[in-house]
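Each chain, written out:
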Amino acid sequence: MMENNNIFLWLRQMPEWARRRGFWLVDGLTGGKIKNHLEEIGRLIDEADSQWAVRQKEELLAALLRHAIFTTSYYSGKSLSALLSDFPVVNKTIIREAGESFCSNKVGLSERISVFTSGSTGTPFQVYHDYEKKKRNYADTIYFARLAGYDIGQKLLYMKIWVKEKMEHPLIYFMQNIIPVDVIKLNEDQMESIVNKMHGDGSRYGILGYASALELFARYLDEKHENIQSRNVGSVIAISEALNDYTKTSLQRQFGVPVLSRYSNLENGIIAQQEPNGLSRFLVNTASYVVETLKLDSDDSAHAGELGRIVVTDLFNYAMPMIRYDTGDVGSLITDPAHPGKLFLATVEGRKLDLLYDSKGNLVSSFIVYKNMWKYPEIIQYQLIQEGEKQYRFKVNARSPFAREKELVDDFKSYLGADAEIKVEYVSEVPLLASGKRKKIVNNYIKA
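Here goes a summary of the coordinates provided.

The rules behind these values
- Residues numbered from 1 in each chain as written.
- Predicted model: local features only at pLDDT ≥ 70, side-chain atom pairs only at ≥ 80, totals over all residues.
- Heavy atoms only, no water.
- Helix = DSSP H or I, 4+ residues; strand = E, 2+ residues; numbered from the N terminus.
- Buried < 20%, exposed > 50% of the residue type's maximum accessible area, 1.4 Å probe, protein only.
- Contact = heavy atoms within 4.5 Å.
- Areas by Shrake-Rupley, 256 points an atom, 1.4 Å probe, with all protein chains shown as cover.
- Pairing = 2+ DSSP bridges.
- Axes fitted to C-alpha atoms, helices over the stretch in contact; angles between N-to-C directions.
- Salt bridge = Lys/Arg side-chain N within 4 Å of Asp/Glu carboxyl O.
- Parallel < 35°, antiparallel > 145°, perpendicular 65-115°, else oblique.
- Left-handed = near helix turned anticlockwise from the far one by under 90°.
- Nonpolar A, V, L, I, M, F, W, Y, C, P; charged D, E, K, R; others polar.
- Phe/Tyr/Trp six-rings, centres within 6.5 Å; stacked < 30°, edge-to-face > 60°.
- Expected span 1.5 Å × (residues − 1).
- Polar contact = N/O pair within 3.5 Å; in protein donor to acceptor, adjacent residues only side chain to side chain.
- Patch = residues over 30% accessible without salt bridge, like charges linked within 9 Å, V, L, I, M, F, W, Y side chains within 5 Å.
- Arc of directions from axis to C-beta.

Digging into the overall build of the protein
Part 1: Check the secondary structure of the protein and you find 11 helices and 19 strands.
Part 2: When the 448 residues of the protein are sorted by exposure, 51% land in the buried category.
Part 3: Summarising the internal contacts of the protein: among those between residues at least 6 apart in sequence, 63% fall at separations of at least 24.
Part 4: For the protein, the accessible surface area stands at approximately 21,200 Å², while carbon and sulfur atoms represent 55% of it.

What follows is the structure, encoded as structure tokens:
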């Protein structure tokens, strides 16, 4: 009987095996470029302190800078001897206004791949990739997905905003074994359907989605399926938003796998991801990017462990070189003597505009919100807004009358100041942004 069960499981998982073999077969027939990129990424990160890795990253950066100087009008005035630190810091506004001057004249229009994002602000932003950059992104995705426990061919529940006009043909998702889950329509019926689907076959599932969508799923599971303990989930990765402790702990208990947070954006790719070792830090993708942190109020380098603006140089985008690109996010870079050569982001705290100040004008980590709200499971959605120097508004959406308002206010006064004026506003819904995400932190106060 046991042998029959093994055969049955193998037959159910065979489509995963076939998809994986098919992917690598196609890559091999087209030159094996993704495989070559994947092998290089592995060596550059795993052997980060080796002479080969150091030299290879130096050569990748030098080649990109030369390409930008020779083939784009924006960087044409730079000296060939210029160091990375000699290049200007750019951002979405600069790139949007300069437009074509950032594009390489060596990459024709037919070779450009348009990447469009509205980001958290809702303002349209378009960049271009070339085909080699696209393959590098594929390889980055495979490397970091494997780090989390997912491999090509496994079923993937992908929870994000899905725009019908921009979706591929359903056959593409079938071939890739992707199950699109639109967070705009994520309700109890859809989540119950997901649970039934996961129990209905022997497939190995990966879950990838906005942290806010994963939180909603975790709360649903805890309420309706407290002991689901599904063991056919091999990985859970949160993207786009900060992952709070409740979601991480809940899904780890439910699925028995590490729940990891990934830091990425559409204009570049995967910049960093947590490792399955229980640590909160993010392993930086130094194989494909040079990552810097600069001070919040200048372009000087931030010190190790100091909160700063995350600035990225993409080593593989030759269609539109993005050199010292200010992502709009903030974080702190650290190293670890136990892992020489590797770089880590100790924190990734979202956009600079969404940082909080306490009532004395001191910068406060936005993680006070993410790390404390687990104590209030009766709250479905929330949003903390700074309206003035000492004025804060807490939007709360709860299933039933919230009886712990004073406790919530006192909790956050301990971080924001005893003289902080915190008003709780009860709402039926914290609206989604155009990006499909819910902002947990909003700062409407501009510190003088």
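On we go.
A few points about the sheet that holds strand β16 (residues 379-386)
Part 1: Ordered by their spatial adjacency, four strands build an open sheet running β18-β17-β16-β19, and the pairing between neighbours is mixed. Only two strands of the sheet have a single partner each, and these edge strands are β18 (421-426) and β19 (441-443). Pairs of neighbouring strands in the sheet enclose a mean axial angle of 20°, with direction left out of account.
Part 2: Bridge count between strand β17 (residues 391-398) and β18: six bridges; the pairing is parallel. Note on β18: the bridge partner recorded for R393 is K423.
Part 3: Seen against the sheet, helix α11 (residues 405-416) touches β16, β17 and β18 and runs at an angle of roughly 140° to β18.

Some details on the pattern of salt bridges
Part 1: As enumerated under the stated definition, the model contains 22 salt bridges in all.
Part 2: The shortest N-O distance in the salt bridge between D151 and R146 comes to 3.3 Å.
Part 3: According to the relative accessible area criterion, D151 is buried, its value standing at 19%.
Part 4: Taking relative accessible area as the criterion, R146 reaches 40% and is therefore assigned partly exposed.
Part 5: Two residues, R404 and E378, come together in a salt bridge whose shortest N-O distance is 3.3 Å. Of this pair, R404 sits in the loop between β17 and α11 while E378 sits in the loop between α10 (367-370) and β16; the two residues are 26 residues apart in sequence, bridging distant segments of the chain.
Part 6: R404 sits in the partly exposed class, given a relative accessible area of 24%.

A look at the packing of helix α2 (residues 33-46) against helix α5 (residues 131-148)
Part 1: Running from N to C, α2 and α5 cross one another at 55°; their axes reach a closest spacing of 8 Å. It follows that α2 is oblique to α5 by the angle criterion. The element α2 and its partner α5 pack so that their crossing is right-handed. Touching K33, I34, H37, L38, E40, I41, G42, L44, I45 and D46 of α2 are E132, K135, R136, Y138, A139, D140, I142, Y143, F144 and R146, all from α5.
Part 2: The class makeup of the residues in the contact of α2 with α5 is 10 nonpolar, two polar and eight charged.

Here we look at the packing of aromatic side chains
Part 1: Tallying each qualifying case throughout the model produces 13 aromatic pairs.
Part 2: Note on F125 and Y325: the rings are 6.4 Å apart at their centroids and 5° apart in plane angle, and the pair reads as stacked. Note that F125 is positioned in strand β2 (residues 125-129) and Y325 in strand β12 (residues 325-334), a separation of 200 residues in sequence.
Part 3: When its relative accessible area of 1% is taken as the criterion, F125 is described as buried.
Part 4: Exposure remark for Y325: the relative accessible area of 0% places this residue in the buried category.
Part 5: Ring geometry for Y158 against W162: centres 5.3 Å apart, planes inclined by 85°, an arrangement best described as edge-to-face.
Part 6: Grouped by ring-pair contacts, the aromatic residues Y74, Y75, F87 and F102 constitute a single cluster.

Brief notes about α5
Part 1: Spanning 18 residues, α5 covers 26 Å between terminal C-alpha atoms, matching the ideal 26 Å at 1.5 Å per step.
Part 2: Capping the start of α5, D130 holds a side-chain oxygen 3.0 Å from the backbone nitrogen of E132, two or three residues further along.
Part 3: Trailing α5 by a residue or two, G149 shows a phi angle of about 110°, which is positive.

Details of the environment of H225
Part 1: Here H225 shows up in the loop between α8 (211-224) and β6 (233-239).
Part 2: When its relative accessible area of 21% is taken as the criterion, H225 is described as partly exposed.
Part 3: Distance from H225 to E192, taken between C-alpha atoms, is 9.5 Å for residues 33 residues apart in sequence.
Part 4: Leave out the neighbours within four places in its chain, and H225 touches E192, V195, Y220 and Q254.

Quick look at the environment of S240
Part 1: Structurally, S240 can be placed in the loop between β6 and α9 (245-255).
Part 2: Placed 29 residues apart in sequence, S240 and A211 show a C-alpha to C-alpha distance of 6.9 Å.

Brief notes about a nonpolar patch on the surface
Part 1: A surface patch of nonpolar side chains, amounting to about 340 Å² of accessible area, comprises L171, F174 and M175.
Part 2: By secondary structure assignment, the location of M175 is in helix α6 (residues 170-176).

Side note on the packing of α8 against α9
Part 1: Contact pair α8 / α9: the axes reach a minimum separation of 9 Å and the direction vectors enclose 55°. Classed by the angle they form, the pair α8 and α9 counts as oblique. The element α8 and its partner α9 pack so that their crossing is left-handed. On α9, the residues touching L214, E215, F217, A218, R219, L221 and D222 of α8 are Y246, T247, S250, L251, R253, Q254 and F255.
Part 2: Classifying every residue of the contact of α8 with α9 by side-chain character gives seven nonpolar, three polar and four charged.

Focus: α11
Part 1: With 12 residues, α11 should reach 16 Å at 1.5 Å per residue; the first-to-last C-alpha distance of 16 Å fits that figure.
Part 2: Within α11, the full set of buried residues consists of L408, V409, D411, F412 and L416. Buried residues of α11, seen end-on, are gathered within an arc of 160° and therefore sit on one face of the element. Those residues of α11 that are exposed and angled more than 90 degrees off the buried face are K406 and S414.
Part 3: Taken from the residues just after α11, G417 is the one with a positive phi, measuring 120°.

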